[in-house]
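Summary of the model geometry
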Amino acid sequence: MKPHIVILGGGFAGMFTARELKKKLGDAAEIELINNENYFVFQPLLPEVGAGSITDQHAVSPLRFLLQGVFVRKAKVDSIDFDTQTVTVFQGVQRRPTEVSYDHLVITLGQTVDLSRTPGLTEHALTMKTLDDARRLRSHVIERLEHAEVTQLPEVKKAALTFCVIGGGFSGIETVGEMKELIDRSLKYYPNVAPAEVRVVVVEFAARILGELPEELAEYAAELLRKRGIELQLGTGVLSATATELRTTSGEDISTRTIVATIGNAPSPLVRDLPLALEHGKIAVERTLAVKEHTNVWSLGDCALIPMRDDPQRREDYAPPTAQFASREAKLVAENIVASLEGRPLKPFRYASKGSMASLGAHRGVAQVFGMNFAGPHAWLLWRAYYLSFLPGFATRLRVFLNWTLDGLAPRSVVQVSAYTPPAARYALFRAGDTVYRRGNRADSFFTVISGKFEISMPHPETDEETVRAVGPGAHFGERMILGEYRRRADVRAVEDSRVLVLDRDEFMKLADGFEAFREYFKKYFEETYGSKWTPPNSAAKAE
């Protein structure tokens, strides 16, 4: 019976592992890859997708095309039972639980983003981890330019044109460089926005950016970014964030509607809950990439802590989470799985980095290759040539090359195919003094106070005398929209740092339709508070 090898995750490590195994074993084994999506994302290109120089579909490749002869299962991994050697997944429209058995298991689930340590970042920051993140960033930047073009409020325009990126590593610097280029090349379409009104800020806790590169290259990158109008706040951390403000450890409150967080890597919930030894939030593996205390379970890529020497002491003694290393790890794990099947000794992971590079936008970059430093246009061309050659599949390389060529010849598009819509039920943070909404604003959300205090100011319905009341945890406001009012009658501001649950109108109506206790509470509330009878506009409530 053929051995069944299951690979969890379709990123660099998982995809290259599947390819190497297929190349080495052919039809002698059943190779299966399980992934949430049916495509492979070339993550180094996400900042360019976010800036519009590459279309989103051209930064991905179908796994079925790249892995011919490998069984690709589009499903969500739920759990792993190492005793029975089974993986439980949810698949299909009905998300049925399905058990997949294995003889060898390869875990390449990468990492997720956890911003919960900093109040407000989870609720209000954009991330740059997935294809959807890149799409959302481009749409968001264009939306901010559109808003700045038409607003008559100086403070709103200032916030709309302030763009903050948290993190000065490769991801943060490449993201801010591409984002600034998108803004600069788009401003000619927005005559009411002057270049001097745009503020782009990088907040980095370390003393310099690009800590993985030599200081000489980091200094060049910093100087270039500053010349392009990008402000670097080094040695600075983030204390908190709201929908309209970023507070830093330097004491500055930055008024902004755009926060991009490229920090906060964390293990996925599945990896975190596995009965495996974790070190620094990663799966501890031997130098052979075998998971400790397991002979047929392997791990590599971002989710694994891979030693490159027998007695690792420093950060440099472990493999970094880069595509360059992931592809080499994939080659070794495939060799070792074949060796294990054949009863041969396993090999330890050995690899010396060929270098690192970063694109800074505006046709500039920095690179260290084989110990030599490059900076400027040559480094940028080297960056593009390297990643073009690294892309899997000739068709993908051709599409990306054509995208780059057209981007260099034609104006950058500001078409906003679909604006990002926040979740219908979401959390939001407000700092003391923040305005939630003003009278006259469109009424489209309902707020429940989780913590803090708000002040509601509105005219009395009979005397027009201004009345003020405070609401705290467990109270709510904004409910008059449910009576059919589309304009706010009150001004609401936060008296303390506060957190609320926001429900959009449609979401509220669905709860009222399907949750009887919820519906009955508001029927009684409206009658006692406003003297108004309320009947939810749906058949279920009317039929009572």
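All values derive from a computational prediction rather than experimental measurement.

For soluble globular proteins, nonpolar side chains are generally found buried alongside one another. In terms of nonpolar packing, the biggest core is built from 118 residues, with Leu-105 and Ile-107 touching the most fellow members. When residues in this core are grouped by element, the largest group, nine residues, is from helix H10 (residues 323-342). If we ignore the near neighbours within four places in the chain, the residues touching Leu-105 are Val-6, Leu-8, Ile-80, Phe-82, Val-87, Asn-296, Val-297 and Trp-298. Grouped together as the second largest cluster of nonpolar side chains are 16 residues, Ile-456, Val-471, Ala-490 and Val-492 included.

To continue, consider a nonpolar patch on the surface. Taken together, the side chains of Phe-394, Leu-398, Phe-401 and Leu-402 make up a nonpolar region of the molecular surface, amounting to roughly 420 Å² of accessible area. Overall, Leu-398 belongs to the partly exposed group, its relative accessible area being 40%.

Pairing is antiparallel across the open sheet formed by four strands, whose spatial order is E26-E33-E28-E31. Across the chains shown, the open sheet's two edge strands, defined by having one partner strand only, are strand E26 (425-430) and strand E31 (476-477).

What follows deals with the side chain of Ser-61. Counting through the fold element by element, Ser-61 comes out in strand E4 (residues 60-62). Polar contacts involving the side chain of Ser-61 include one to the side chain of Thr-396, which spans 2.6 Å.

What follows is about H10. Along an α-helix, residues three or four positions apart point the same way, because every turn accommodates 3.6 residues. Compared with an ideal rise of 1.5 Å per residue, which puts 20 residues at 28 Å, H10 spans 29 Å between its outermost C-alpha atoms and is within 8% of the ideal. Counting buried positions along H10 yields 14 of 20 residues, so the element is predominantly enclosed.

To continue, consider the packing of aromatic side chains. In the structure shown here, the tally under the stated rule is 28 aromatic pairs. Where Tyr-386 meets Tyr-387, the ring centres are 5.1 Å apart and the plane angle is 70 degrees; that geometry is what we call edge-to-face. Between the NZ or CZ atom of Arg-499 and the centre of the ring of Tyr-427, over which it lies, the distance is 4.1 Å. The lysine or arginine in question, Arg-505, covers the ring of Tyr-486, its NZ or CZ lying 4.2 Å from the ring centre.

Conventions used here
Residues numbered from 1 in each chain as written. Predicted model: local features only at pLDDT ≥ 70, side-chain atom pairs only at ≥ 80, totals over all residues. Heavy atoms only, no water. Core = buried A, V, L, I, M, F, W, Y, C linked by side-chain atoms within 4.5 Å. Buried < 20%, exposed > 50% of the residue type's maximum accessible area, 1.4 Å probe, protein only. Helix = DSSP H or I, 4+ residues; strand = E, 2+ residues; numbered from the N terminus. Contact = heavy atoms within 4.5 Å. Patch = residues over 30% accessible without salt bridge, like charges linked within 9 Å, V, L, I, M, F, W, Y side chains within 5 Å. Areas by Shrake-Rupley, 256 points an atom, 1.4 Å probe, with all protein chains shown as cover. Salt bridge = Lys/Arg side-chain N within 4 Å of Asp/Glu carboxyl O. Pairing = 2+ DSSP bridges. Polar contact = N/O pair within 3.5 Å; in protein donor to acceptor, adjacent residues only side chain to side chain. Expected span 1.5 Å × (residues − 1). Phe/Tyr/Trp six-rings, centres within 6.5 Å; stacked < 30°, edge-to-face > 60°. Lys NZ or Arg CZ within 6 Å of the ring centre and 35° of its normal.

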